[in-house]
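Structure at a glance
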Amino acid sequence: MASIRGAACALLVCVLAFGASAQARQLTDADYAQAVKFLPQSADPLVDHDVQRVHWLDGTHFWYIDHDAAGDHVMEMAAATGKTAPAFDQAKLAAALGKARDKQVDATKWPRYGFDFRAVPGGDLDVQFDGTWYRCDLSGVGVCTKRSALLKTGDEPGALSPNGKLLAFVRNWNLWVRDLATGKETQLTTDGVKNYGYATQNAGWVHGDGAIVRWSPDSKKIATYRQDQRKVGMMYTVDTRIGHPKLDAWPYPLPGDQHVFMIEPVVIDVATRKMVRLKMPPEQRLSTLCDTLACDESEPYTWSDVKWAPDSKTLAFVSTSRNRQHETFRIANAETGAVRTAFEFTARDYYESGHGRVNWQYLPKTNQAIWPSEQTNWANLYLYDLKTGKQLRAITTGDGNVTEVLHLDRATHTLWFVGVGRTPGVNPYYRQFFKVDIDTGKTTLLTPEDADHTITMSRDGKYFVDSYSTPTTPPVTLLRSAADGHVIATIAKADISRLKAAGWVPPVPFTVKARDGKTTLYGLMFKPTNFDPHKKYPIVDYIYPGPQTGSVFTFSWAAARGDHQAMAELGFIVIAIDGMGTPWRSRSFHHYWYGDMGDDTLPDQVTGIKQLAQRHPWIDIDRVGIWGHSGGGNATAAAMFRYPDFFKVGWAESGNHDNRNYENDWGEKYQGLLVTNKDGTTNYDNQANELIAKNLKGHLMLVHGQIDDNVPISNTYLVVQALIRANRNFDLLILPNEHHGYGADTPYVTRRRWDYFVKYLAGNTPPHEFKMPAASK
């Protein structure tokens, strides 16, 4: 939809609108090219030896990708000695993969995502490249064959057994296993039918063909479920093409729907194919943490809220109420299906068992469980008696959160966890690594450096790799002992000499006070590399309101944080502030606006920007812009409607503008169960952007992918309809055949966003249709 505001801003109008300090000018292709230098695809390759993640092959070996001016180097390290060697012949593997894919593979560039490998008996490698698995023989000239073709099997994704021999997957609504050595496939269930099948991955916004299961430790049994989605309401998308469009339809429950996903837990013996149905009524498909059942990104097909006993005879699982407040800890006998309730727990607002990982633990030998809760306003761990259901004592205490439990040693009763805010004087967002004695509560800090620590632990719990950094200091990556944290070897120290030579400058960390005038908020600021303190700069606020993450996203180092620095190069101050309602702080901070999602941290954004403008005279408080994607798109539109005299320009991408039109387990967790009053009003009205769209005064661009299967496009159309009825001017960009992420259209959308802020917030003229480089993969 075109807007009359599309006309170029004349110099006189710009001066009247933005003040005499604004000097309108014509930006050139060279100005945009300078900004492009600071996009991830430009900046990341200029960083040498930036190793922030490793991949454990077994208890004593891991691989990682190192990088320097010559390109990528895939290395393997032996933890016991700290010695490194090339993981494989890169040139040979790249050539072999290129032949198998009929598409050249650059031996000096290896993907950071969708790439993995493991040795198989006989010396071959199973290699995952661009999401597809290949069997590669590098003993001779090098030959790779698509694994499914070699073994004459399907290529469905699935969950690997602990012994690495079997893969559980879904085919035609039934659960199967595939022997990865022979290719033999075995059907474990036979009665699965459409919308009433086994291990179904569908969670509404997630609707894939993977299998959600939990393998037993001995690789002999699988815990999964049969999912009933036969009566669940449908979601639809329609694509754009010549001729009849394609309709995509799938179950997608909304807040208040009578029918939601229901699951019937089962245990299946792989060898005999015997199925044991757990003796309990069907329950809702909900998690103690995330909005699907697989919450750990490193295990995308593992049912997080199921945990087996070491002897594979019993399993524990947690059932979650629809409002996400009540949890039931249950124990099942894998042979008989008998189920008993060990204890129940009720939280205020909503319950979460961790951040990034489900942290509760099952200790059958002592008839105990470790249960996370925020009963003291902080996420700590507590020991429970599974016979009486009583809480015995706290394992961790004090301020700060346990975010991720990475390892449990049952023999020594020692637990290793990532925590935040637990060390006084340290940035409360910096992750640190601890171990705690379950019996005594004695806690030991294993990573004392004042920095944010990214931890990858070995499977046997003896070692961990620690990559630590801050927003202004690049990573140092170490191999450390899990016993006391001492350094075994230095893996890499990032060298940013080439990045700095290209003009890079770090962001500026800052703090401001929240809306209450007391709570400290943390943020990052990006200034142009040619910053002049005697000038006045418009300010652009990048926002993501949470509640599951924040605008800053991470306080570790990055060469580029999206396009924040790139936008700053165009003459802006760009900021990101984690407001109240975002995670990693106290429960009261995180839950601050529970039941009022329309808050969107906006009062904190406004007061934070005002404080920065008072502190820095070069910030033009009369020229404030805001933008965001998804929840940030919703918050951007809300900012333009709730603070129309403060925010002058907004760019709102793919926003969930009314959570009644988004998946039920999102709104029902953070807003509460939908309640409709006698007069037709609801408890969701306070978060519905279309109800306040009439307040718009500034320039607003609404963007959405046509076939977005995460946030349905109807969310944006509700706002469009309200703006039309209110006779408000606005701009609209619909991306044909794009989903929630914009894929190949990303460079175009980015350039249009730059143009929009340059034109309407800075009062300048952007170059005509600047050609952006392709997005990085």
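Residues numbered from 1 in each chain as written. Predicted model: local features only at pLDDT ≥ 70, side-chain atom pairs only at ≥ 80, totals over all residues. Heavy atoms only, no water.

Re the pattern of salt bridges
Where we set the bar: One side-chain nitrogen of Lys or Arg within 4 Å of one carboxyl oxygen of Asp or Glu is enough to make a salt bridge. Labels follow the DSSP assignment, with helices taken as runs of H or I lasting at least four residues and strands as runs of E lasting at least two, numbered in each case from the N terminus.
Scanning the model with the defined rule gives 36 salt bridges in all. The residue R660 makes a salt bridge to D685 at a minimum N-O spacing of 3.3 Å. Of this pair, R660 sits in the loop between β42 (649–653) and α11 (664–670) while D685 sits in the loop between α11 and β43 (699–705); the two residues are 25 residues apart in sequence, bridging distant segments of the chain. Each of E156, R171, R178 and E185 takes part in a single network of salt bridges with overlapping partners.

Points about the sheet that holds strand β34 (residues 463–469)
Counted only if it meets this: Whether two strands pair depends on DSSP finding at least two bridges between them. An axis is simply a line fitted to the C-alpha atoms; with a helix, the fit covers only the stretch in contact. Between two such axes, the angle follows the N-to-C directions and lies from 0 to 180 degrees.
One open sheet holds the four strands; their spatial order is β33-β34-β35-β36, and the pairing between them is antiparallel. Every other strand in the sheet has two partners, leaving β33 (452–457) and β36 (487–493) as the edge strands with one partner each. Going from strand to strand, the sheet's axes swing by 20° on average, the running direction of each strand aside. Looking at chain direction, β33 and β34 are connected through six bridges and run antiparallel.

Looking at the sheet that holds strand β6 (residues 125–129)
Here we have four strands laid out as an open sheet, ordered β5-β6-β7-β8, and antiparallel in their pairing. Every interior strand has two partners, whereas the edge strands, β5 (115–119) and β8 (143–146), have only one. If you compare each strand with its neighbour and ignore which way they point, the axes differ by 25° on average. Examined bridge by bridge, β5 and β6 share five bridges and lie antiparallel to one another. In the sheet register, A119 faces β6, and the bridge partner there is L125.

A short note on the pairing of strand β7 (residues 132–137)
For β6 and β7, the ladder comprises five bridges, and the chain directions are antiparallel. Considered in β7, the bridge of F129 is made with T132. The loop that links β6 with its antiparallel partner β7 comprises two residues; one of these, D130, has a positive phi angle of about 55°. As defined by bridge partners, β7 adjoins β8 across four bridges and the pair is classed as antiparallel. Among the inter-strand pairings, R135 is bridged to a residue of β8, identified as T145. Once β7 ends, the chain turns through five residues before running back antiparallel as β8, passing G142 with a positive phi of about 100°.

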